[in-house]
Amino acid sequence: MGMFLAKLMGLFCNQEHKVIIVGLDNAGKTTILYQFLMNEVVHTSPTIGSNVEEIVVKNTHFLMWDIGGQEMLRSTWSTYYTNTEDLRKAAVLVLANKQDMKNSMSAAEISKFLTLTSIKDHPWHIQACCALTGEGLGQGLEWMTMKTVAK
Ligand code: G3D
C-alpha cells in the first residue's frame, strides 16, 4: 500500500484531483479513510466540516464526504457534488467492502444489483475490498489513477 501511494504521488505530479466517497451508514467509509491515514506519506488537514474529511497527498486532494446514507437524505447528495467539482468527467469506483464477512455479496452480485452496466457516460469499476486489512483498496485506487492519468 505504501509503495503504491508513492507511485500514485509520482503519477499525479502537480495536478489536483478530488475523490468524493459516499456510501450508506456503516459501509466502512471512515475505515477506508483510516487505511490511508495510517500511511506515513499522507498528511491530514483539520476536519473542515462535521461530515467532511480531507487528506492531501502532495497536490492530490482526497475529499471524503461522509453524507448520511439515510434514504431521506439521498436527494441532497447532488447538492454536495455541485458545490465540490464538475463531475462530467468523473470516473466511478464502487468499493464492495466487507468481503471478509461470510454473507457479503460478491462484487459481481453487487454490480448486477446496482445495474452498473447501465452507466454509459462515465468509466466505472467495481472492486472487492476489505477496509479492515486494506485488501483491494490499492487496486481500486490504481484503477482510479489510470483513469485520471489517461485523461
Ligand atoms: P461508515 O464511516 O461508512 O459509517 P465505518 O462506516 O467505517 O464507521 O465502519 C462501520 C463498521 O464496519 C465498523 O465496525 C468497522 O470496523 C466495520 N468495517 C468497516 N470495514 C469493514 C470490513 O471490510 N470488514 C468488516 N468485517 N468490518 C468492517 P464497528 O464495530 O466499529 O462499528
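We now turn to the structure provided with this report. Every value quoted in this text rests on a predicted model; they were computed, and no experiment measured them. (Residues numbered from 1 in each chain as written. Predicted model: local features only at pLDDT ≥ 70, side-chain atom pairs only at ≥ 80, totals over all residues. Heavy atoms only, no water.)

**Observations concerning the site of the ligand**
Right, on to step 1. Of all residues adjacent to the ligand, which total 15 residues, the nearest are Asn26, Lys29, Thr30, Thr31 and Asp100.
Right, on to step 2. The backbone of Asn26 places a nitrogen or oxygen atom 2.8 Å from an oxygen atom of the ligand.
Right, on to step 3. The contact in question runs from an oxygen atom of the ligand to an N or O atom on the side chain of Lys98, over 3.0 Å.
Right, on to step 4. Surface burial for the ligand is 65%, taken as the share of its 650 Å² of free accessible area covered by protein chains.
Right, on to step 5. In the shell around the ligand, the residues fall into 6 nonpolar, 5 polar and 4 charged. (Near = heavy atom within 4 Å. Polar contact = N/O pair within 3.5 Å; in protein donor to acceptor, adjacent residues only side chain to side chain. Areas by Shrake-Rupley, 256 points an atom, 1.4 Å probe, with all protein chains shown as cover. Nonpolar A, V, L, I, M, F, W, Y, C, P; charged D, E, K, R; others polar.)

**Re a nonpolar patch on the surface**
Right, on to step 1. A cluster of nonpolar residues, Met105, Phe113 and Leu114, forms a patch on the protein surface that exposes about 330 Å² of accessible area.
Right, on to step 2. Turning to its location among the elements, Met105 is positioned in the loop between strand S5 (92-96) and helix H5 (107-113).
Right, on to step 3. Classification of Met105 as partly exposed rests on a relative accessible area of 39%. (Patch = residues over 30% accessible without salt bridge, like charges linked within 9 Å, V, L, I, M, F, W, Y side chains within 5 Å. Salt bridge = Lys/Arg side-chain N within 4 Å of Asp/Glu carboxyl O. Helix = DSSP H or I, 4+ residues; strand = E, 2+ residues; numbered from the N terminus. Buried < 20%, exposed > 50% of the residue type's maximum accessible area, 1.4 Å probe, protein only.)

**As for the nonpolar core**
Right, on to step 1. Grouped together as the largest cluster of nonpolar side chains are 6 residues: Val94, Ala96, Ala107, Ile110, Leu116 and Ile126.
Right, on to step 2. Looking at this core, the elements that each hand over two or more residues are S5 and H5.
Right, on to step 3. Not counting chain neighbours up to four residues away, the residues in contact with Ala107 comprise Ala96, Gln99, Ile126 and Ala128. (Core = buried A, V, L, I, M, F, W, Y, C linked by side-chain atoms within 4.5 Å. Contact = heavy atoms within 4.5 Å.)

**Observations concerning the pairing of S5**
Right, on to step 1. Note that S5 and strand S6 (residues 124-128) share 5 bridges and pair parallel. Along S6, the bridge assignment pairs Val92 with Trp124.
Right, on to step 2. Of the crossover connections in this fold, the one passing from S5 over H5 to the parallel S6 is right-handed. (Pairing = 2+ DSSP bridges. Right-handed = clockwise from strand over helix to strand, strands pointing away.)

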